[in-house]
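Breakdown of the fold
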Amino acid sequence: MALKILSVDDSRTIRLIVGKAFKPYECDMVEATNGEEGLVVAAREKPDLIILDVTMPVMDGVTMLTKLKADDALKGIPVIMLTAESGRENVLHIAKLGVRDYLVKPFKDDQLIEKAGRVIPLQKKPVPA
Amino acid sequence: MTQTLQLPSVCDFMTRHLVDVFETMLSMPVALRPGAPMPDFDSRVTGSVGFAGDKVTGAIYLHMSAPFAQIAAAAMLGLKPEEISDENEVNDVVGEATNMVTGGLKSWLCDSGAECAMSTPAIIRGKSFAIEPMPDVARECLVFAHEENFVVVELHIKLN
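Described in the following lines is the structure provided in the data block.

Cut-offs and rules
- Residues numbered from 1 in each chain as written.
- Chains lettered and ligands numbered in written order.
- Predicted model: local features only at pLDDT ≥ 70, side-chain atom pairs only at ≥ 80, totals over all residues.
- Helix = DSSP H or I, 4+ residues; strand = E, 2+ residues; numbered from the N terminus.
- Rg over C-alpha atoms; globule rule 2.2 N^0.38 Å.
- Buried ≥ 20, exposed ≤ 12 C-beta atoms within 10 Å, placed from the backbone.
- Contact = placed C-beta atoms within 7 Å.
- Core = buried A, V, L, I, M, F, W, Y, C linked by C-beta atoms within 7 Å.
- Pairing = 2+ DSSP bridges.

Moving on, we get to the overall build of chain A. If you tally the helices and strands in chain A, you get five helices and five strands. Along chain A, helices (α) and strands (β) appear in the sequence β-α-β-α-β-α-β-α-β-α when read from the amino end. For 129 residues, the compact-globule estimate of 2.2 N^0.38 gives 14 Å, and chain A sits close to it at 14 Å. By its C-alpha atoms, chain A is 50 × 30 × 25 Å across when sized along the principal axes. By the burial criterion, 39% of the 129 residues in chain A qualify as buried. Counting only contacts in chain A whose residues sit at least 6 apart along the sequence, the fraction spanning at least 24 positions is 60%.

Structural data, given as structure tokens:
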């Protein structure tokens with residue numbers, strides 16, 4: 001069964017880039033455009049991994065992560081933060097909330113895949129004959 | 001205010017970071033043109049993100065021509081420029097690039113002792129406009145070139 005990955009980012013550009021990065025792998029992508037929507041999609045889809053932006057309208061990524069970790073049904077879902085902000089205090093704060101890893105924008109596809117591969121068993125799709 | 005938060009060091013950081021954002025996300029090398037004037041863009045797409053804290057406030061404006069914005073958007077999305085037909089796609093890419101540029105600056109400012117928060121991106125499109133800073137706000141324009149195209153980082157910053 002394919003893994004399910006939830007990309008939460010207000011930027012369609014980033015959701016497209018994340019989706020493209022995982023395209024060669026056996027996984028299904030689901031998306032949300034802010035933290036509030038992300039919690040709803042996470043509860044409905046039970047993803048194997050969440051790639052979560054920090055700065056978003058409506059509900060930011062840190063608030064979504066806090067609520068996720070407070071929910072018994074969702075707190076086990078691993079989260080990789082994908083953030084444009086890499087300041088020491090910011091990273092320490094996020095780490096304390098129970099994030100599995102973080103990736104700072106700008107990033108390359110292979111950096112994202114490498115970090116995701118440490119959290120979930122990514123498998124390449126078979127090459128068509 | 002520490003020595004590291006003088007305007008020249010902010011500009012040095014911005015130069016390195018803008019080059020990194022374009023190389024990493026767009027595979028597009030850009031080079032600073034020291035002292036170059038603001039290019040006369042025929043039509044312009046500008047991304048803006050503000051930042052504010054007790055010790056620093058300001059905004060970053062990322063300017064490029066509309067045709068180059070389409071080329072940059074295609075590069076970031078792994079498409080051909082002609083495959084992008086929606087202005088909103090270009091706006092989103094320019095907004096995200098501005099977000100990354102400002103996010104790097106915000107992190108650098110925070111690590112230098114000037115905690116601040118940043119806004120979500122906004123886009124300005126037009127043929128002829130200038131953004132005037134408020135009184136006591138410094139303005140620096142850093143002009144970069146990729147082949148015959150220009151990208152300008154306009155920094156408005158007030159160090160308290």
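A few words on the nonpolar core. Ranked by size, the top nonpolar core spans 73 residues in total, and within it A:Ile51, A:Leu52, B:Ile60, B:Ala72 and B:Val101 carry the most contacts. Residues in contact with A:Ile51, not counting those within four places in the same chain, are A:Ile5, A:Ser7, A:Val8, A:Val18, A:Ile80 and A:Leu82.

With that out of the way, let us pick up the environment of B:Leu18. All names here are of chain B. The residue Leu 18 is located in helix H1 (residues 7–26) in this model. Overall, Leu 18 belongs to the buried group, with 24 C-beta atoms counted inside 10 Å. Between the alpha carbons of Leu 18 and Ala 31 there is a distance of 9.4 Å; along the sequence they are 13 residues apart. Apart from the residues lying within four places of it in its own chain, the contact partners of Leu 18 are Val 30, Val 101, Phe 144 and Val 153.

This next bit is on the pairing of strand E7 (residues 149–159) of chain B. All names here are of chain B. Most of E7 sits inside the fold, with eight of its 11 residues counted as buried. Here nine bridges tie strand E3 (residues 56–65) to E7, and the two strands are oriented antiparallel to one another. In the sheet register, Leu 62 faces E7, and the bridge partner there is Val 153. With nine bridges connecting them, strand E6 (residues 138–146) and E7 associate as antiparallel partners. By the bridge assignment, Glu 140 is partnered in E7 with Leu 155. Where E6 hands over to E7, the hairpin turn is made up of two residues, of which Glu 147 adopts a positive phi near 50°.

Residues and elements named next belong to chain A. Considering the arrangement of structural elements, one finds Thr 83 in strand E4 (residues 79–83). For Thr 83 and Tyr 102, which are 19 residues apart along the polypeptide, the C-alpha to C-alpha distance reads 7.4 Å. For Thr 83, the contacting residues outside a window of four places in its chain are Asp 53, Val 54, Tyr 102, Val 104 and Lys 105.

Okay, unusual backbone geometry next. Most peptide bonds take the trans configuration, and most residues that are not glycine carry a negative phi. Cis geometry marks the peptide bond from A:Lys105 to A:Pro106, where omega comes out at 5°. You can see A:Pro106 is positioned in the loop between strand E5 (101–104) and helix H5 (109–117). Although it is not a glycine, A:Val58 adopts a positive phi angle of roughly 70°. The backbone of B:Asp136 sits at a positive phi, close to 70°, despite the residue not being glycine. Within the secondary structure, B:Asp136 is located in the loop between strand E5 (122–126) and E6.

This is a description of form; function is not addressed.
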